[in-house]
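Fold and geometry: a report
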Amino acid sequence: MWRPPWSASRDRALLDLKMAAQRSTGKGPLTEDPQRAEALALDGLDSIAFARSLFQVDEGGTIYLDGNSLGMLPRRSLARVTQIVAEEWGRGLVRSWGAWVDLPGAVGDLLGEHLLGAAGGQTVVSDATTVNLYKLASAALDARPGRCVIVSDRANFPTDRYLLQGLVEARGMELRLVDFPEVEGPDADLLGPYLGPETALVSLSHVDYRSGALADMTAINQVIHASGALSLWDLCHSVGAVPIELDASGTDLAAGCTYKYLNGGPGSPAFLYVRRELQEGLRQPIWGWFGQADQFAMGQGYNPLPSIARFQSGSPAVLGIALVEEGVRLLAEIGIEAIRAKSLALTSFLIDLHDRWLAPMGFVLATPRDQARRGSQVCLRHPDAYHICRALLGDASVIADFRAPDRLRLGCAAPTTRFVDLYDAVHRLRRIMEDGGYLSLGPEPSRIT
Ligand SMILES: *Cc1c(COP(=O)(O)O)cnc(C)c1O
């Protein structure tokens, strides 16, 4: 178990580590800045430091702080891909479908058990997050006839707002977007007044993609249910980084992606969750044979399975789901509680570095200071964030990302990020700011930020 760096034994442990390191190298002080020594010592205390070696890591000096956008490659995924492609597909051919067909539900249950706080039979891996959110939102609207309003957050991730907009426009309904505080994000008390007998659905992100604010799922679900509406959560930025309790929090519906903290690989299929009591009463809009009872009878008329499988439509993306399984198994081995504890220690350390070095340079912290309200990233505002991010990606070899209009996002995926990475990244960032060369950088050659 991770020992929190704020525990009483911290100073003693740090001192022991520093002394041991000095004895072993015989080179005297490790570094001139005690804060870098502290970072190294914290890495020495890290009970999940072993996890980094389970990933393919670039040890050439690049610092990766974008695991919240695309997670790193688990080494075992390479072997799994070869197994599936060469053996199961190459040799097994169509016979392998016998096993593949169960993957969406099996990997969904694994995810539910270890990372979502969801009992079996409520989670399935399929499609993209956008598609899953659309399916669930559409099903929820059908289940609340006479109610004509969807409530969401004006700062919600764009795809969420677009798909909800598409739904209300097609149905002649209303999308009510709430302006929550920019850094702290959605809150039950602030949400309450926007809900009423006309509300069909409330759709929010568990962790805000820019600020990293973590919403209180249980309290918000209560307010939603008091109005008679259903709740739909986007878990893209929380799954694999924050312990989630879908069953205990009374969540109705949820979806999330698997290529961020779950390390499933680019475009890996997403997941969706539907609370068991609701499943039989909900119909998703894309009626396909993978949701059909007695699929291979090839019969007339759509008659969906009573289970979570009714939320599937077409053939599952087998390769992608197998890699999701690898990613989930890996996080399950490390343990989500240990991941969360280290993640909070990392983001706290980064916020300390910001306060000491970056705030005087014009950066403004745009992530909650309260640990209970924080996901696993730190967002910094700066008027030149775009160019600063580009300079980081250049010679500084720090991979972070920019989010319009003025935010630098620094992701702290706990299994692969070290404290010294954060120290060194901030050190390189300071050099960039002192040097000022970022101001003369030309336009971005890529359309991806
Ligand atoms: C990354 C992300 C998505 C992505 O949706 P896709 O359909 O997988 O492209 C959706 N919502 C949030 C909050 C995200 O962070």
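Worth saying up front: this structure is predicted, and the values here are computed from it rather than measured. (Residues numbered from 1 in each chain as written. Predicted model: local features only at pLDDT ≥ 70, side-chain atom pairs only at ≥ 80, totals over all residues. Heavy atoms only, no water.)

Let's shift gears to the site of the ligand. What surrounds the ligand is the set A128, T129, T130, F157, T159, D160, S205, D234, C236, H237, Y259 and K260. The contact in question runs from an oxygen atom of the ligand to an N or O atom on the side chain of K260, over 2.5 Å. When the ligand sits alone it has 390 Å² of accessible area, and the protein chains cover 86% of it. Secondary-structure elements contributing two or more residues to the shell around the ligand are α6 (129-142) and α7 (158-171). For the shell around the ligand, the per-class residue count stands at four nonpolar, five polar and three charged. (Near = heavy atom within 4 Å. Polar contact = N/O pair within 3.5 Å; in protein donor to acceptor, adjacent residues only side chain to side chain. Areas by Shrake-Rupley, 256 points an atom, 1.4 Å probe, with all protein chains shown as cover. Helix = DSSP H or I, 4+ residues; strand = E, 2+ residues; numbered from the N terminus. Nonpolar A, V, L, I, M, F, W, Y, C, P; charged D, E, K, R; others polar.)

Splitting the chain by domain gives domain 1 (7-45 + 335-439) and domain 2 (76-333). Between the C-alpha centres of domain 1 and domain 2 the distance comes to 32 Å. The interface is formed by 23 residues belonging to domain 1 together with 24 residues belonging to domain 2. Between domain 1 and domain 2 the total buried area reaches about 1,900 Å² when both faces are included, carbon and sulfur atoms providing 51% of it. On the surface where domain 1 and domain 2 come into contact, there are two salt bridges. A salt bridge links R407 to E182, with the nearest nitrogen and oxygen atoms 3.6 Å apart. Our count for the contact surface shared by domain 1 and domain 2 stands at 14 residue pairs in polar contact (both at pLDDT 80 or more). Mapped onto the side of domain 1 that touches domain 2, the elements with two or more residues apiece are α12 (336-358), β10 (377-381) and β13 (407-411). With four residues, α12 is the single largest residue contributor to the side of domain 1 that touches domain 2. Of the residues that constitute the side of domain 1 that touches domain 2, the class distribution is ten nonpolar, five polar and eight charged. (Domains from an automatic or database assignment. Contact = heavy atoms within 4.5 Å. Buried area = accessible area lost by both parts, 1.4 Å probe. Salt bridge = Lys/Arg side-chain N within 4 Å of Asp/Glu carboxyl O.)

This part covers the sheet that holds strand β5 (residues 199-205). With mixed pairing, seven strands are arranged side by side in an open sheet as β2-β8-β7-β6-β5-β3-β4. This sheet does not close on itself; its edge strands, each paired only once, are β2 (123-125) and β4 (174-178). Each strand axis lies, on average, 15° off the axis of its neighbour in the sheet, ignoring direction. Sheet analysis places β5 next to strand β6 (residues 230-234), joined by five bridges and oriented parallel. Its bridge partner being in β6, L204 is matched across the sheet by W233. Each of β3 (149-153), β4, β5 and β6 is contacted by α7, which is oriented at about 150° to β4, the strand it contacts most. (Pairing = 2+ DSSP bridges. Axes fitted to C-alpha atoms, helices over the stretch in contact; angles between N-to-C directions.)

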